[in-house]
Structure formats: C-alpha cells, structure tokens
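The residues making up each chain are set out below.
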Amino acid sequence: MIECKIGFIGAGNMTKAIVSGMLDSGIVKPNSIIVSAPSKTNFPFWQEKGIATTHSNAEVVNKCDVIMLGIKPQYLDEAIKSFDPVPNNKLYISILVGITIETLNDKLRTQFRFTEAGPEPWRIVRVIPNTPIMVGAGATAYAVSEGARAEDSELVKTIFSAGGLCEIVPERLLNPVGALAGSGPAYVYLMIEALSDGAVKMGVPRALATQLASQTLLGAAKMVQMTGKHPGQLKDEVCSPGGTTITGIHVLERSGVRAALIGAVEAATNRSFELGNK
C-alpha cells in the first residue's frame, strides 16, 4: 500500500488509465489521490471513485508528495507557472511526450525561488505508459534523473507494475519505446478493426468478427510471451505448405504491412522528438 499523497496535473485518458490500474490493484486508496484539470468535463469520473478534484494546480502541488504531470507538452509552461512557487522537495513524474528530463528540470528551475543555500537536485522520473494499464495489461518504461532517489524509482515501479509490465531503461530509449508501446495499442486496434472487416466481408456477423479478432491477437501475444519463441518461428508453425495462412501472409507482405508497421514506429519516434523540441 502506497502511503504518500499523489497528485495528478491533468485528468485525461492516460491519467484515468493509471489511476484505475492503481485502484484496481489495491495499492492506493482514493483519498490519497488529488486530480486537477481546467474544466469539469472529466470530474464525474473521478468523483464516482471517491477522488478529490480541483481546478487549482497549486493545491495539488502543495498537498501532495508526488506530482504526476499528465498534460499535453504544449501546456507544460503554463502549468508550471500556476504552481507558484515550484517546490523542489517533491517527486515529479512526467508522462509528457517528448519532454526530456533535462528540459523539465530547466523549466522547473525557472519557477523555483532560490534560497541562500540553493536548490537541492530535482527528483524527476520520466515515464512512458500506455492505456492498457487500465486493465492490468500495460507496458511501461521509465528513466530517472540524477537527483532521483532509490525509493523514487521503487515507487514508480510499484505504481506502474500494478497495471502490467514496467521496466527501467536509459532515457535515450524512451521516445522509441513510446512509439512502440505508447502508440502501439492504436496500431493494434486498427488491426483488430481491419481483421473484423475482413470477416464481415466474408459473411461473419460484426459482433462475432470483432470478438474473434481481438481474442486472436490476445492469444497470439500470449504465445509469444509464454513460449519464448521468436514471432517468426511461431508464424512458420501456423503456415502449412500450400495452405490458407501462407496465402494470406503473401497478401500482407505484398501490401507492405511489415514495412508500414516499422514506418509507424519510426514516424511516431520522430514526432516525439519534434514535440520535445518545440
């Protein structure tokens, strides 16, 4: 059970996913969480869970030990200014796309009111989660700043492991990891929809087609995880000589599906760098 107070700046879908994973796993109580957002649009969701809401970012920062930044990157400067002042004795967890630890450190320092002794090192952890954390099947990677403590890393590991896989990595890998795991669910949803469309075209009812398509992808993913076999080997085991599966694979290869997925990860990675540099 996490005893510290955790505040979320931003009440969007990713914040919902993270908090839902925490609550479902039982590692935190609703009264240990505060969420701030500029509008009341998402407040009913939080209030139904017994979580306090506010329009004041400063209230969240002042009341909480851990501050999770879940806003859009373009709103970061405005959010930090609203803290007033920015305390440097807190743990800041950032899930902002493309924003490096160094950039966040610099932005926090610009708002910090220096004492005669000067500021202590900032405790920052940059995290790349994905929305399946809401159902206990998340894939998260994180990197820590030089000022972060060992217990900060352990806390982040606890929070995000509650909703699935969580691994610490060098920060240089976070943008490509985000392009894979963070954006990846959208690619998979597109595949499920397309497979369902194909089955519907061939006469399968839509509800059944979607159920079978989603279960097929789930089953294939479990085979990769539980057998330890290379995906290519598992693919070959399904492809009988002259059979239906290899015929379908031929169509996928001819259509450039493999290259399109590689390109999607590459493009999303590059976009993360662009967002971080703006």
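Residues numbered from 1 in each chain as written. Predicted model: local features only at pLDDT ≥ 70, side-chain atom pairs only at ≥ 80, totals over all residues. Heavy atoms only, no water.

## Brief notes about helix H6 (residues 150-161)
Here is step 1 of the chain: Relative to the 16 Å expected for 12 residues at 1.5 Å per residue, H6 spans 16 Å between its end C-alpha atoms, a close match to the ideal helical length.
Here is step 2 of the chain: Buried residues of H6: Asp-152, Ser-153, Leu-155, Val-156, Ile-159 and Phe-160, and no others. Along H6, the residues classed as buried sweep out an arc of 160° about the axis, all on the same side. Facing away from the buried side of H6 by more than 90 degrees, the exposed set consists of Ala-150 and Glu-154. (Helix = DSSP H or I, 4+ residues; strand = E, 2+ residues; numbered from the N terminus. Expected span 1.5 Å × (residues − 1). Buried < 20%, exposed > 50% of the residue type's maximum accessible area, 1.4 Å probe, protein only. Arc of directions from axis to C-beta.)

## Some words on the sheet that holds strand S4 (residues 66-69)
Here is step 1 of the chain: One open sheet accounts for eight strands, arranged S3-S2-S1-S4-S5-S6-S7-S8; its pairing is mixed. Lying at the two open borders of the sheet, with one neighbouring strand each, are strand S3 (52-54) and strand S8 (164-168). Looking at each pair of strands side by side, their axes are set apart by 20° on average, direction ignored.
Here is step 2 of the chain: Note that strand S1 (residues 6-9) and strand S2 (residues 33-36) share four bridges and pair parallel. The residue bridging Ile-9 from the neighbouring strand is Ser-36, located in S2.
Here is step 3 of the chain: Across the sheet, helix H5 (residues 101-111) lies against S4, strand S5 (91-94), strand S6 (123-128) and strand S7 (138-144), angled at about 135° from S6, the strand it touches most. (Pairing = 2+ DSSP bridges. Axes fitted to C-alpha atoms, helices over the stretch in contact; angles between N-to-C directions. Contact = heavy atoms within 4.5 Å.)

## Observations regarding the side chain of Thr-269
Here is step 1 of the chain: Here Thr-269 shows up in helix H12 (residues 257-277).
Here is step 2 of the chain: Here Thr-269 is in contact with Asn-175, Pro-176 and Ala-179, once residues within four sequence places are set aside.

## A look at the pattern of salt bridges
Here is step 1 of the chain: The tally for this structure, following the rule as stated, stands at nine salt bridges.
Here is step 2 of the chain: For Asp-152, the salt bridge identified is with Arg-123, shortest N-O distance 2.8 Å. Taken together, the residues Asp-152 in helix H6 and Arg-123 in strand S6 connect sequence positions 29 residues apart. Taken individually, Asp-152 and Arg-123 each receive the classification buried, so the pair is uniform in this respect.
Here is step 3 of the chain: With a closest N to O distance of 3.1 Å, Arg-271 and Glu-274 form a salt bridge. Pair noted here: Arg-271 and Glu-274 are both in helix H12, with a separation of three residues, about one helical turn.
Here is step 4 of the chain: Residue classification places Glu-274 among the partly exposed positions, given a relative accessible area of 43%. (Salt bridge = Lys/Arg side-chain N within 4 Å of Asp/Glu carboxyl O.)

## Side note on the packing of aromatic side chains
Here is step 1 of the chain: Counted under the stated rule, the structure contains two aromatic pairs.
Here is step 2 of the chain: For the pair Phe-45 and Trp-46, a centre-to-centre distance of 4.9 Å together with 90° between the ring planes defines the contact as edge-to-face.
Here is step 3 of the chain: Its relative accessible area of 24% is what places Phe-45 among the partly exposed residues.
Here is step 4 of the chain: For Trp-46, a relative accessible area of 0% puts it in the buried group.
Here is step 5 of the chain: Over the aromatic face of Phe-45 sits the side chain of Lys-16, whose NZ or CZ is 5.0 Å from the ring centroid. (Phe/Tyr/Trp six-rings, centres within 6.5 Å; stacked < 30°, edge-to-face > 60°. Lys NZ or Arg CZ within 6 Å of the ring centre and 35° of its normal.)

## Remarks on a nonpolar patch on the surface
Here is step 1 of the chain: Taken together, Val-188, Met-191, Leu-252, Val-257 and Leu-261 make up a surface patch of nonpolar side chains, about 340 Å² in accessible area.
Here is step 2 of the chain: Among the secondary structure elements, those contributing two or more residues to the nonpolar patch are helix H8 (184-201) and H12.
Here is step 3 of the chain: One can find Met-191 in helix H8. (Patch = residues over 30% accessible without salt bridge, like charges linked within 9 Å, V, L, I, M, F, W, Y side chains within 5 Å. Areas by Shrake-Rupley, 256 points an atom, 1.4 Å probe, with all protein chains shown as cover.)

## Digging into H8
Here is step 1 of the chain: Its 18 residues place the ends of H8 26 Å apart at the C-alpha level, agreeing with the 26 Å of an ideal helix rising 1.5 Å per residue.
Here is step 2 of the chain: By the burial criterion, the buried members of H8 are Gly-184, Pro-185, Tyr-187, Ile-192 and Ser-196.
Here is step 3 of the chain: Considering only its buried residues, H8 is in contact with helix H7 (174-182), helix H9 (206-227) and H12.
Here is step 4 of the chain: The positive-phi residue at the C-terminal boundary of H8 is Gly-203, with phi of around 105°.

## Quick word on the nonpolar core
Here is step 1 of the chain: In this structure, Phe-8, Ile-18, Ile-159 and Phe-160 are the most contacted members of the largest nonpolar core, which totals 32 residues.
Here is step 2 of the chain: Listing elements by their share of this core, those giving two or more residues are S1, helix H1 (13-25), S2, helix H2 (43-48), S4, S5, S6 and H6.
Here is step 3 of the chain: Top contributing element to this core by residue count: H1, with five residues.
Here is step 4 of the chain: Contacts of Phe-160, omitting those with residues within four sequence positions, involve Ile-18, Met-68, Val-127, Pro-129, Ile-133, Thr-140 and Cys-166.
Here is step 5 of the chain: Val-61, Leu-76, Ile-101 and Leu-174 belong to the second largest nonpolar core, which has 26 residues in total. (Core = buried A, V, L, I, M, F, W, Y, C linked by side-chain atoms within 4.5 Å.)

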